[in-house]
Amino acid sequence: MSVENLSEEQVARYGRFAGDPTPQELEEFFLLDETALELARTKRRGYNRLGWAVQWGTVRMLGMFLSQPSQVPEVVAEFVAEQVGGVDAASLKQYPDRLPTQHEHAREIRGLLGFREFDAAELDLRAFVAGRVWVSNEGPRALFDRAVVWLIKHRVLLPRITTLARLVPEVRAGEQALINAVMDAEVSPELRRTLLGVLTVPDGQRVSTLERWRTPVRDVSGRGQRTSLLLAQEIRETNARGVDLWRVPEVKTAELARFGLATKAPKLRELAEPRRTATLLSIVRHLESSSVDDALTLFDVLMSTKLLARAQRADVKEKLRTWPKLRKAAAKVGAAVEVLLETPADAEGSAGPVSVAEAWTLIEQVVTRQELIEAMADLAEVLPPPADGDADAAWRSQLMERYATVRPFIALLGDVVPWGTTEAGAPVIAALEALPTVVARRKPAPAHVDARLLADGTWKRLVLGNPELAPAGLIDKSAWTFCVLDTLHTALKRRDVFALGADVWGDPRARLLAGPEWSAAREKVTAGLDLPGSAEEHLGELRLLLDETFRHVAEALPDNASASVRDGRLRVDRLDAEIEPTGMKSVRDAVDAMMPKVDYPELLLEVHAHTGVFGAFEHISGLAARREDLEISLTALLVSKSTNIGLDPVVKPGEAALTRGRLVGVDYGHFNLPGITAASALLVKGQGEIPIARDHWGGGLVASADGMRFAVPVRNLHARPNRKYFGNGRGATWLNVVSDRVMGLGGIVMPGTLRDSLGILDAVINIEAGIRPEVVITDTASYSDLVFGLFAILGYQFSPRIADISDARLWRFEMNADYGPLEAVSRQRIQTEKIVAHWEDMLRVAGSLQTGRVRAHDLLRMMSTDGRTTGLGEAFAHYGRIFKTLHLLQYIDDEAYRRMIGVQLNIGEARHALARRIFFGRLGELRAGYREGMEDQLGALGLALNAVVYWNSLYIDAAVNELEAQGWGLSSEIRARLSPLGFEHINFHGRYPIVRTHTDGQLRALRPLGGEQGE
């Protein structure tokens, strides 16, 4: 049987040692227990004793006995020989001399450990794989790995690889067919006709109904909002979510929907039943919620950028336009008044009070009467009217101009979206649902509106104070409409109102662990986060830690030349540039000169030869065999996407793997975000095994998160304006996480330049590869007390750079403690009673974040919006102040800590420079019209960055070894400062010949110092 559905790595490590076991693996699998050690020592010859013990550990680790036990890694033989005693590890080579002895030992070990033959456990394994198929979206490769682990765990000898490679997809296909049948059975004949109908192209239309449904509206206007809501209404009328699929886990319907949404309608029409109906049902159920999300995202953009925000900008712009005229007129009037104030009522030597004529004579010496008349006219034009006029006339005029934009969709907004509310949001939805009735009234009065929405003074004046309507007891309908929409927009961002069943705009509270589910998970969550179940116990430990840290820093502060407290403010001097080790420049120059010159596609293929990175891309169906030369096609696609040049430069009509048709097919079938994620994880793991990265570039426990801005010149609901970064256009931010080994660990796309702190925790939680960091570093703009609290409860040390520490304040538990020179800056108390009161909910939040049930971004917005913080938000903020204070104290006291933060942030900036070099096409702009397209393209860029860093690390390690062999004597300090982010030796431009070179796993020749490229 073929094993082509498996990766080369899976084949290579099946029942074999892929490398030296780690110390942990040696301890777990090869540490002999008393019984095993006693049995091993009963063997007559030393090499038999050693061979028996090696076989004992090998079957426990690999699940099978090696045909040549002497081929185990040397570290295994040495580890076991030390335990057996009196035997040389090298004698293991004599063990295979007599095969019957090996087989006898294997039978004895099987009986001792209780290993079974595969046939005896096959049914149990099939049941396990079937269960995984129902509860996960794992493909054949991931299921194969799980099957291997299950067999070893349950003491079952591994079968031949072809047996298992056949069994896993067979079981997966059978269970998928069963899932499809279960879903199909629940579909009524009427719904079935509707589902099949969405694949046809209606008369007069250019695309199928499905294609129209899954294409979000991008027109940010009142017309676009109405179209978006009508689309959501049309999809919801199918009532696909009314189908009872309680037996099918949501992960399976999501998997089917993901496949269906990426497949064209004609291909879906060709699917066999019941798979076709199950796929279409999953698609439409997904679209029911996503269409509502899209409509509300459009509403958010419309309110933020086109309606009230534009009215406010227009009002400000008009005020700025009239400012010079106001200043000039006011100066003239002020000069006249000043003359009057300086003139006494009875002029000296006069017979009586100063007359009007005399006053004018004095005034006209400074400003003429005509100039004053013109100045008063200008003031009347610019300044607000008197108290009996309309002070909000300009603002009211702006609202009237935009009323026609919102009127067509206000009724749909209340009817189409399945609104849910908290107690605070209930009046908002009631007002929204009643709004069409109020607007339809000829004479709406104050009694027809909810006064609770008029708490804001401006809206109260605009709605109730229209000078043309108020005397008649009427309200301003256009002002009330915008008042309701503005209040709805604010409540929606706070999640006081939300869309039931939606993802982006749904209720994060509903996704938190609760009830029996939380009770079952609580112990695992607290153990996993190393948190005691009691808030009092936890706070007691933190109280001692904070007090000790305060006293240590206070004691050392007088001798700290770079930090002090002056005038009640903290002061920390800027760090001087760190002096480089002697010889650093010459070594850096030498390494740069030795790096081989390489074309970008060749680099990618060479990285694949070393890591099998393109083997991580599985077909979207999970079943298709891998095409010949698939890595060539994937290389072309990665070049195309990561450089932003499109397909044309990499298409080669004469080469089967590079024709346009092949590349389009591979792009659809293989090149997706899960594949990118898995491939990037392989690179992170591989780079961590390169000696210079492993031994000198950190341990992978420190990471930084920073945003990279991209202009988006096309219509896209997930792009936002920011004049500083995007001029008059819009853009998006790629928030990516980078380890201290310079490898990207993951990232997320955020609209515009939304505050990084809203997404940074999600980016860290969703890290896709490598060791999970313990310290997370960010720039100044990314922190708040709430963010500190969420990071802390999840077990991360949050370490933002402090740009201006003078405004920072330290928090304490005990107000009567004496912290000497720090007293003036530590007068704020941590309110532990708030933490204790909300501790259980804080743990639920932590568990829900840890398990991916809810996004940190949504929770942060829910707990704190517009300067207001909920009770739970206050508890997290006070909890965060403990860790913020610990961070600030360490920042003050430890120069090495400050330098570490700066160095890690510099790594992120240098990586962004490399990203700009790679992503050069189309002016470096993102031109995807939808969020998924942006995520795929930036995911490809992240994979390309990791590939370049991996390749550079490989050759820097080789260059260092060469220099060492030449007697340079490179210190650890010098090695630690070498960076794998150089790119001058890599050619990212040209015609992109995609050919295999150096695919045998051997490195290409380094360039000789002072010479040209060597091959």
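Residues numbered from 1 in each chain as written. Predicted model: local features only at pLDDT ≥ 70, side-chain atom pairs only at ≥ 80, totals over all residues. Heavy atoms only, no water.

1. Structural notes on the overall build of the chain
When helices and strands are counted, the chain shows 41 helices and 16 strands. If one aligns the C-alpha atoms of the chain with their principal axes, the spans along those axes are about 140 × 80 × 65 Å. The buried share among the 1015 residues of the chain stands at 51%. Considering only intrachain contacts with a sequence separation of at least 6, the fraction spanning at least 24 residues in the chain is 76%. When the accessible surface of the chain is split by element, carbon and sulfur atoms take 51% of a total near 46,700 Å². Looking at charge distribution, the chain has the averaged site of its 122 positive side-chain charges lying 5 Å from that of its 133 negative ones. (Helix = DSSP H or I, 4+ residues; strand = E, 2+ residues; numbered from the N terminus. Buried < 20%, exposed > 50% of the residue type's maximum accessible area, 1.4 Å probe, protein only. Contact = heavy atoms within 4.5 Å. Areas by Shrake-Rupley, 256 points an atom, 1.4 Å probe, with all protein chains shown as cover. Lys, Arg positive; Asp, Glu negative; His and termini not counted. Charge placed at Lys NZ, Arg CZ, Asp CG, Glu CD.)

2. Let's talk about the side chain of serine 848
Inspection of the secondary structure puts serine 848 in helix H36 (residues 839-850). We classify serine 848 as buried; its relative accessible area is 0%. Within the local environment of serine 848, its side chain forms a polar contact with the backbone nitrogen of leucine 513, the two atoms lying 2.8 Å apart. Discounting chain neighbours no more than four positions away, the residues touching serine 848 are Arg511, Leu512, Leu513, Arg853 and Val854. (Polar contact = N/O pair within 3.5 Å; in protein donor to acceptor, adjacent residues only side chain to side chain.)

3. Let's talk about the packing of helix H25 (residues 535-556) against helix H38 (residues 871-893)
The geometry of H25 relative to H38 is characterised by a closest axis approach of 10 Å and an angle of 25° between their N-to-C directions. In terms of axis orientation, H25 runs roughly parallel to H38. Remark: the crossing between H25 and H38 carries left-handed chirality. Across from His538, Leu539, Leu542, Leu545, Leu546, Thr549, Phe550, His552, Val553 and Ala556 in H25, the residues of H38 making contact are Tyr879, Ile882, Phe883, Thr885, Leu886, Leu889, Ile892 and Asp893. (Axes fitted to C-alpha atoms, helices over the stretch in contact; angles between N-to-C directions. Parallel < 35°, antiparallel > 145°, perpendicular 65-115°, else oblique. Left-handed = near helix turned anticlockwise from the far one by under 90°.)

4. Looking at the confidence of the model for the chain
The share of residues in the chain with pLDDT of 70 or more is 93%, and the mean pLDDT across the chain is 87. Of the regions scoring below 50 in pLDDT, residues 387-391 engages in four contacts with residues more than four places distant in sequence or in other chains. (pLDDT = per-residue confidence, 0-100.)

5. With respect to unusual backbone geometry
Between glutamate 273 and the following residue, proline 274, the backbone shows a cis peptide bond with an omega angle of 5°. Tracing the backbone shows proline 274 in the loop between helix H14 (265-269) and helix H15 (275-306). Of note, asparagine 644 is a non-glycine position whose phi angle comes to about 70°, a positive value. Here asparagine 644 lies in the loop between helix H28 (630-643) and helix H29 (660-669). Judged by relative accessible area, asparagine 644 falls into the buried class, the value being 2%. The backbone phi angle of leucine 923 is positive, close to 65°, even though this residue is not glycine.

6. So, the nonpolar core
Core analysis: the biggest nonpolar cluster contains 165 residues, and Leu822, Leu849 and Tyr879 have the highest contact counts within it. With 19 residues, the top contributor of residues to this core is helix H40 (residues 931-965). In contact with leucine 822, not counting residues within four places along its chain, are Phe550, Val553, Ala554, Leu557, Val565, Leu570, Leu810 and Leu889. (Core = buried A, V, L, I, M, F, W, Y, C linked by side-chain atoms within 4.5 Å.)

7. Side note on the packing of helix H24 (residues 515-528) against H36
Closest axis-to-axis distance for the H24/H36 pair is 10 Å, and the angle between their directions is 80°. Relative to H36, the element H24 lies roughly perpendicular. Only Glu840, Leu843, Arg844, Gly847 and Gln850 of H36 make contact with H24, whose side of the interface consists of Trp518, Arg522, Val525, Thr526 and Gly528.

8. As for the pattern of salt bridges
Evaluation of the coordinates by the stated rule reveals 55 salt bridges. One salt bridge connects arginine 13 with glutamate 9, and the closest N-O pair in it is separated by 3.7 Å. With arginine 13 and glutamate 9 both in helix H1 (residues 8-13), this residue pair falls four residues apart, about one helical turn. The exposure class of arginine 13 is partly exposed, given its relative accessible area of 32%. For glutamate 255, the salt bridge is made with arginine 172, and the minimal N-O distance between the two is 3.4 Å. Here glutamate 255 is found in helix H13 (residues 250-261), whereas its partner arginine 172 is found in helix H9 (residues 161-185), with 83 residues between them in sequence. Via salt bridges that share partners, Arg495, Asp503, Arg511, Arg855 and Asp858 belong to a single interconnected network. (Salt bridge = Lys/Arg side-chain N within 4 Å of Asp/Glu carboxyl O.)

9. Quick word on the packing of aromatic side chains
For the structure shown, the criterion picks out 15 aromatic pairs. For the pair tyrosine 14 and phenylalanine 144, a centre-to-centre distance of 5.7 Å together with 45° between the ring planes defines the contact as tilted. Here the residue tyrosine 14 occupies a position in the loop between H1 and helix H2 (23-29), and phenylalanine 144 occupies one in helix H8 (residues 140-153), the gap between them amounting to 130 residues. A residue is classified by how much of its surface remains accessible, and phenylalanine 144, at 2% relative accessible area, is buried. Counting every residue linked through ring pairs, the aromatic cluster contains Phe788, Phe791, Tyr796 and Phe798. The ring of phenylalanine 710 carries arginine 916 above its face, with NZ or CZ at 4.8 Å from the centroid. (Phe/Tyr/Trp six-rings, centres within 6.5 Å; stacked < 30°, edge-to-face > 60°. Lys NZ or Arg CZ within 6 Å of the ring centre and 35° of its normal.)

10. Focus on H29
Taken as a whole, H29 has its buried residues at Leu663, Val666 and Gly669. Taken around the axis of H29, the buried residues stretch over an arc of 140°, which confines them to a single face. For H29, the elements touching its buried residues are H28. (Arc of directions from axis to C-beta.)

11. Points about the pairing of strand E8 (residues 730-739)
Within E8, nine of the ten residues are buried, leaving the element largely enclosed by the surrounding structure. Alignment of strand E7 (residues 720-721) against E8, held across two bridges, turns out to be antiparallel. Pairing of arginine 720 across the sheet is with glycine 731, part of E8. As paired elements, E8 and strand E9 (residues 744-751) share seven bridges and run antiparallel to each other. (Pairing = 2+ DSSP bridges.)

12. Comments concerning helix H22 (residues 457-464)
Within an α-helix, residues lying three or four positions from one another point in the same direction, as the helix has 3.6 residues per turn. For H22, every residue scored as buried is listed here: Trp459, Leu462 and Val463. For H22, the buried positions fall inside an angular range of 90° around the axis, keeping them on one side.

13. Some thoughts on the side chain of glutamine 225
Inspection of the secondary structure puts glutamine 225 in helix H12 (residues 222-236). Its relative accessible area of 0% is what places glutamine 225 among the buried residues. Residues in contact with glutamine 225, not counting those within four places in the same chain, are Asp219, Ala295, Leu298, Phe299, Leu302 and Phe409.

14. Side note on the UniProt feature "domain: DUF4158" (unreviewed entry) in the chain
Taking the UniProt record as the reference, the feature "domain: DUF4158" (unreviewed entry) is found at residues 6-170. A distance of 14 Å separates the end C-alpha atoms of residues 6-170, which is 64% helix and 0% strand. (UniProt positions renumbered as here; feature names shortened; annotations may be inferred.)

15. As for the pairing of strand E3 (residues 563-566)
In this sheet, strand E4 (residues 569-572) lies alongside E3 in antiparallel orientation, the contact comprising four bridges. Across the sheet, residue arginine 566 finds its bridge partner in E4, namely arginine 569. Hairpin connection from E3 to E4: two residues lie between these consecutive antiparallel strands, with aspartate 567 at a positive phi of about 55°.

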